Amino acid sequence: MTNQMIYTPNKNKYLVIPAYEPDQRLVDLVKEAYATDLFAILVIDDGSGTTYRDIFDQVKAYATVLYHPKNLGKGCALKTAYEYIRQQKDTEEKVVITADADGQHTIKDICAVAEKCRRNPQSLILGKRAFTGKVPLRSRLGNLITRYVFRMESGQLVMDTQTGLRAFSTQMIPFMLEVPGERYEYEMNVLLRWAKEDKKIKEVPIE
């Protein structure tokens, strides 16, 4: 289900934001992205329920909202957006950027990842966070562990395997839809499948 409001074929970048029970930070992010006039914005309400209807009603003024009737997980939410983009049947190659709904990714960083992808359309671009300063121990350890596991599995060194800020070409959407995973494991599966097929993974430093 979608509000079918803002499909803008003149834009060459899709900004995809999966959201489950978001707060006002999602609205602020979408408004700021819309103001740049750079993105066709897709927000996926992953079964947040009626309590969050007001948030998504605000978002609908600036983005296309796709709905899940119940929570299906981040992987499913991303795939819903990718399938929607595929159905547009664009002949022009575009950039797909994924960002988190909690506002942790700045528009500056979103644009930096998108530009890196534009210049490297065959690569998966990751926004690499600097794990310095007041970073929760769980986040620091989690990334360290998954970085090690990924290197053991793939032979490649990726410094931030858990980042939600990523970019790739629309040419890769069929590939992304084939990767298994319904929840957070999907993002690691993407990295593993990408590396297994010897595709390049590049990182961009972000806040």
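Whatever comes next refers back to the structure up there.
Draft legend 1. Expanded view of the overall build of the chain. In terms of regular secondary structure, the chain is built from seven helices and seven strands. Relative to its 207 residues, the chain shows a buried fraction of 47%. Restricting the contact set of the chain to residue pairs at least 6 apart, pairs at least 24 apart contribute 74%. Element-wise, carbon and sulfur atoms account for 50% of the exposed surface of the chain, whose accessible area totals about 10600 Å².

Draft legend 2. Seen up close, the nonpolar core. Ranked by size, the top nonpolar core spans 30 residues in total, and within it Leu15, Ile17, Leu26, Ile41, Val43, Ile97 and Ile110 carry the most contacts. Among the elements of the structure, β1 (13–19), α1 (24–36), β2 (40–46), α2 (53–59), β4 (95–98), α4 (107–119) and β7 (201–206) are those that each provide at least two residues to this core. If near-sequence neighbours (up to four positions away) are discounted, Ile41 is found in contact with Leu15, Ile17, Val30, Ala33, Tyr34, Tyr62, Ala63 and Thr64.

Draft legend 3. Local environment of the pairing of β2. Of all seven residues in β2, seven are buried; the element is thus mostly enclosed. Relative to β2, β1 is paired through six bridges, and the arrangement is parallel. Opposite Ile17, over in β2, you have Val43 as the bridge partner. Between β1 and its parallel partner β2, the chain crosses via α1, and the hand of that crossover is right-handed.

Draft legend 4. Summary view of the packing of aromatic side chains. Evaluated as defined, the whole model comprises three aromatic pairs. Each ring, one from Tyr34 and one from Tyr62, has its centre 5.3 Å from the other, and the planes form 65°; the classification is edge-to-face. Of the two residues, Tyr34 is situated in helix α1 and Tyr62 in the loop between α2 and β3 (64–68); the sequence distance between them amounts to 28 residues. Take Tyr34: its relative accessible area is 42%, and that puts it in the partly exposed class. By relative accessible area, Tyr62 is classed as partly exposed at 23%. Arranged with centres 5.3 Å apart and planes meeting at 90°, the rings of Phe175 and Trp194 form a pair that is edge-to-face. Placement of Phe175 in helix α6 (residues 173–178) and of Trp194 in helix α7 (residues 185–196) is noted, with a sequence separation of 19 residues between them. Accessibility assignment for this pair places Phe175 and Trp194 in one class, buried. Positioned over the ring face of Phe175 is Lys199, at 5.3 Å from the centre of the ring.

Draft legend 5. Broad picture of the environment of Lys94. Tracing the backbone through its elements, the reader meets Lys94 in the loop between α3 (74–87) and β4. According to the relative accessible area criterion, Lys94 is buried, its value standing at 2%. Measuring from C-alpha to C-alpha, the distance between Lys94 and Asn12 comes to 4.9 Å, with 82 residues separating the pair along the chain. A polar atom in the side chain of Lys94 sits 2.9 Å from the backbone oxygen of Lys11.

Draft legend 6. Looking closely at the side chain of Thr98. In this structure, Thr98 sits in strand β4. Looking at Thr98, its side chain comes within polar contact range of the main-chain oxygen of Gly164, at 3.0 Å. Those residues in contact with Thr98 that sit more than four places away from it in its chain are Val16, Leu78, Tyr82, Gly164, Leu165 and Arg166.

Conventions and cut-offs
- Residues numbered from 1 in each chain as written.
- Predicted model: local features only at pLDDT ≥ 70, side-chain atom pairs only at ≥ 80, totals over all residues.
- Heavy atoms only, no water.
- Helix = DSSP H or I, 4+ residues; strand = E, 2+ residues; numbered from the N terminus.
- Buried < 20%, exposed > 50% of the residue type's maximum accessible area, 1.4 Å probe, protein only.
- Contact = heavy atoms within 4.5 Å.
- Areas by Shrake-Rupley, 256 points an atom, 1.4 Å probe, with all protein chains shown as cover.
- Core = buried A, V, L, I, M, F, W, Y, C linked by side-chain atoms within 4.5 Å.
- Pairing = 2+ DSSP bridges.
- Right-handed = clockwise from strand over helix to strand, strands pointing away.
- Phe/Tyr/Trp six-rings, centres within 6.5 Å; stacked < 30°, edge-to-face > 60°.
- Lys NZ or Arg CZ within 6 Å of the ring centre and 35° of its normal.
- Polar contact = N/O pair within 3.5 Å; in protein donor to acceptor, adjacent residues only side chain to side chain.

On their own, these measurements won't tell you what the molecule is for.
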